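# Breakdown of the fold
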Amino acid sequence: MIRFTKDHEWVRVQDGIATVGITDYAQQALGDVVFVEVPEAGRALERGKDAAVVESVKAASEVYAPADGTVTEGNTGLTDNPALVNSDPMGEGWFFRMKLADPAQLDGLMDEAAYSAYVEAL
Amino acid sequence: MACAVETLPGDPDLSDQTEPLLRTPLHALHGELGARMVPFAGYDMPVQYPAGVLKEHLHTRTGAGLFDVSHMGQVRLRGDDPAKALEALVPGDIQGLAEGRIRYTLFTNDHGGILDDLMVTRVGPGELFLVVNAACKQADLAHLRAGLPGVAVEYLGDDAGLLALQGPAAAAVLARHVPAAAAMPFMSAITADIRGIPVRISRSGYTGEDGYEIGAAGTDAEALARLLLAEPEVAPIGLGARDSLRLEAGLCLYGHDIDTTTTPVEAALTWAVAKRRREEGGFPGAALVQRQFREGAVRKRVGILPEGRAPAREHTEIQGADGAVIGSITSGGFGPSVNGPVAMGYVAAAHAAVGTPVNLMVRGKALPAKVAALPFVPHRYYRG
């Protein structure tokens, strides 16, 4: 299952663990990503609050937590190679993994079709 | 005279949203080239092309980049002795400027603050040519008209053409069309024509690279741009890369690194205040600037090199080792040629020495950094 937020994060849940990244639309809007700060394992995240930072040549942006939970892993691969966010935003360019406090919180997010329509309308 | 702040790519647009954006003569071409357009200094300008800021920046450092800088203000001054007259408004040695030579100078106010920075070309005994910042041009024109009685101030218009061709391949590219361009010294100007298009060519720019600025009538600008873009070394470059290039080159952006609250001494632009003018004065704010020359200023613009990978942006607080606030960043970001974060800012004079450790407060955390020598990337101007 993959879901999308209005802030252009995606979240994919497998075996109770959610992987979070930013969408292709978001990486294109940001341009060349040059720095990423991901949360460390154990950090408690709150839905809609800052979880990570992504900086392009142009500007810094926040990545928000799509739900409440606890970080299990930050993608340290992005520290060495932030450009993965541009080249593979939905794959190798993921930001962090988290254990969800209440998986039902994701029910309110968009599915792929709804997100596509949302982006089309922007 | 207040001058609006030029917004940077990525910054919120501070210009009056109700005013329709102006378009340069290359507007249609930018669309054709797939540019992403942003409001900048009242114009709809290309921030980047499909290649992206990083590649565009690096291309300019290795090949040649073509920039649309038609938004800049081009002004002709004519009179009996416009050089002498202009010295009433700027601290540069304009009278000592030889024909065909260019100088960087500043409009100062009565407090020694900087109203704008500009390039002045001595065209002939009775004529100067000025290039001023886009966001300042209306204020500059009013300032010139009020301050230079007897001098005709002619603005070339919002739709005049100005291109910058920058990078190590620029000379070879332009010499195919104007052989004389190859031997022009840095900060000199000629008139020429390129396949029948009359142009003003200056060996100058604002990237730290060798290169030219080429002025042409608005109606000729697109043909000229297409001709240069057809050269294999040339790629179109947007404002995003222009900003990262000038930052690596340690060059000030008006409204950010210099403004009405910063003096030439504080801004480390003392080289733009001619020796004769330091002694004679006679420009706005001269007394204060002369005092700062004698006694030093309390703060100074310096380069800042963050130690980690995180960029420190404009307005980031700079702290000394003891945690006291000693200044702030005025331009900061990622330097593609440096391959890391670079910044400039003002610090208290006691902390201005190269190598001084400082902390940058980024998202509430103190990131270690050092005061660094400018430029971050050596200038490669053509000295002949």
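Residues numbered from 1 in each chain as written. Chains lettered and ligands numbered in written order. Predicted model: local features only at pLDDT ≥ 70, side-chain atom pairs only at ≥ 80, totals over all residues. Heavy atoms only, no water.

## Considerations on the overall build of chain A
Here is the rule: Only DSSP runs of H or I covering at least 4 residues are called helices, and only runs of E covering at least 2 are called strands; the numbering of each starts at the N terminus. Put simply, the radius of gyration uses C-alpha atoms, and a globule should come to 2.2 Å times the residue count raised to 0.38. Per-residue accessibility, obtained with a 1.4 Å probe over protein chains only, is compared with the maximum for each type, and a residue is labelled buried under 20%, exposed over 50%, and partly exposed between these values. Here, Shrake-Rupley sampling with a 1.4 Å probe gives the accessible areas, and only protein chains in the shown set may cover a residue. In this tally, Lys and Arg are treated as positive and Asp and Glu as negative; His is ignored, and so are the chain termini. Lys charges are placed at NZ, Arg charges at CZ, Asp charges at CG and Glu charges at CD.
Across its full length, chain A holds four helices and nine strands. When the helices and strands of chain A are placed in sequence order, the string is β-β-β-α-β-β-β-β-β-α-α-β-α. Computed over the C-alpha atoms, the radius of gyration of chain A is 13 Å, within 12% of the 14 Å expected from 2.2 N^0.38 for a compact globule of 122 residues. Based on the C-alpha atoms only, the size of chain A along its principal axes is roughly 35 × 35 × 20 Å. In chain A, which comprises 122 residues, the share counted as buried stands at 46%. For chain A, the exposed area adds up to about 5,800 Å²; of that, 47% sits on carbon and sulfur atoms. Taking the 9 positively charged and 21 negatively charged side chains of chain A as two groups, their mean positions are separated by 5 Å.

## Quick look at the UniProt feature "domain: Lipoyl-binding" (unreviewed entry) in chain A
Note the threshold: UniProt positions are given in the numbering used here, feature names are shortened, and annotations may be inferred rather than shown by experiment.
With numbering matched to this structure, UniProt assigns "domain: Lipoyl-binding" (unreviewed entry) to residues 17-99 of chain A. The distance separating the terminal C-alpha atoms of residues 17-99 of chain A is 5 Å; by composition the span is 18% helix and 42% strand.

## Some remarks on the interface of chain A and chain B
Going by this rule: Only heavy atoms enter the contact rule, under which two residues are in contact if any of them lie within 4.5 Å. Two parts placed together each lose some accessible area under a 1.4 Å probe, and adding up what both lose gives the buried area. Counted as salt bridges are all cases of a side-chain nitrogen of Lys or Arg within 4 Å of a carboxyl oxygen of Asp or Glu. The nonpolar class holds Ala, Val, Leu, Ile, Met, Phe, Trp, Tyr, Cys and Pro. Asp, Glu, Lys and Arg form the charged class, and all remaining residues, Gly among them, are polar.
With 14 residues of chain A at the contact, the number on the chain B side is 14 residues. For the pair chain A and chain B, the two sides together bury roughly 1,300 Å², of which 51% comes from carbon and sulfur. Three residues stand out in chain A for area buried against chain B, namely V34, V57 and K58 of chain A, and they jointly supply 42% of the buried area on that side. The tally of links between chain A and chain B comes to four salt bridges. The residue E55 of chain A makes a salt bridge to R313 of chain B at a minimum N-O spacing of 2.6 Å. Within the residue set of the side of chain A that touches chain B, elements represented by two or more residues are α1 (24-30), β4 (33-37), β6 (50-56) and β7 (60-64) of chain A. Residues belonging to the side of chain A that touches chain B are distributed by class as follows: seven nonpolar, two polar and five charged.

## Focus on the confidence of the model for chain B
To keep things clear, this is the line we draw: Summary of the metric used: pLDDT quantifies the predictor's per-residue confidence within the range 0 to 100.
In this model, chain B carries an average pLDDT of 95, and 95% of its residues clear a pLDDT of 70 or more. At the level of chain-chain contacts, confidence expressed as ipTM amounts to 0.89, with global pTM at 0.94.

## Topic: the UniProt feature "binding site: substrate" (unreviewed entry) in chain B
Per the UniProt entry, the sites bearing "binding site: substrate" (unreviewed entry) are E213 of chain B in this numbering. Note on E213 of chain B: relative accessible area 10%, which makes it buried.

## Structural notes on helix α7 (residues 239-248) of chain B
Residue and element names in this part refer to chain B. In terms of residue burial, α7 counts as a mostly covered element, since ten of its ten residues are buried. Those residues of α7 that fall on the buried side of the exposure criterion are L239, G240, A241, R242, D243, S244, L245, R246, L247 and E248. Phi for G250, located one or two positions after α7, is positive at around 75°.

## A look at the sheet that holds strand β3 (residues 17-22) of chain A
All names here are of chain A. Here is the rule: If DSSP finds at least two bridges between two strands, the strands pair.
Read from one edge of the open sheet, six strands run β1-β2-β3-β9-β8-β5, paired in antiparallel fashion. Because the sheet does not close on itself, it has two edges, and the strands there are β1 (2-4) and β5 (44-45). As judged from the three bridges shared by β1 and strand β2 (residues 9-14), these two strands associate in the antiparallel manner. Bridge pairing in β2 places F4 opposite W10.

## What about the side chain of N109 of chain B?
Residue and element names in this part refer to chain B. Our working definition: Pairing of N or O atoms within 3.5 Å defines a polar contact, subject to two protein rules: one partner must be a possible hydrogen donor and the other a possible acceptor, and residues neighboring in sequence count only if both atoms are side-chain atoms.
Relative to the elements of secondary structure, N109 occurs in the loop between β5 (102-108) and β6 (114-124). Residue classification places N109 among the buried residues on the basis of a relative accessible area of 15%. Reaching out from N109, the side chain makes a polar contact with the backbone nitrogen of H111 at a distance of 2.9 Å. Setting aside residues no more than four positions away along its own chain, N109 makes contact with L115, T260, P284 and G285.

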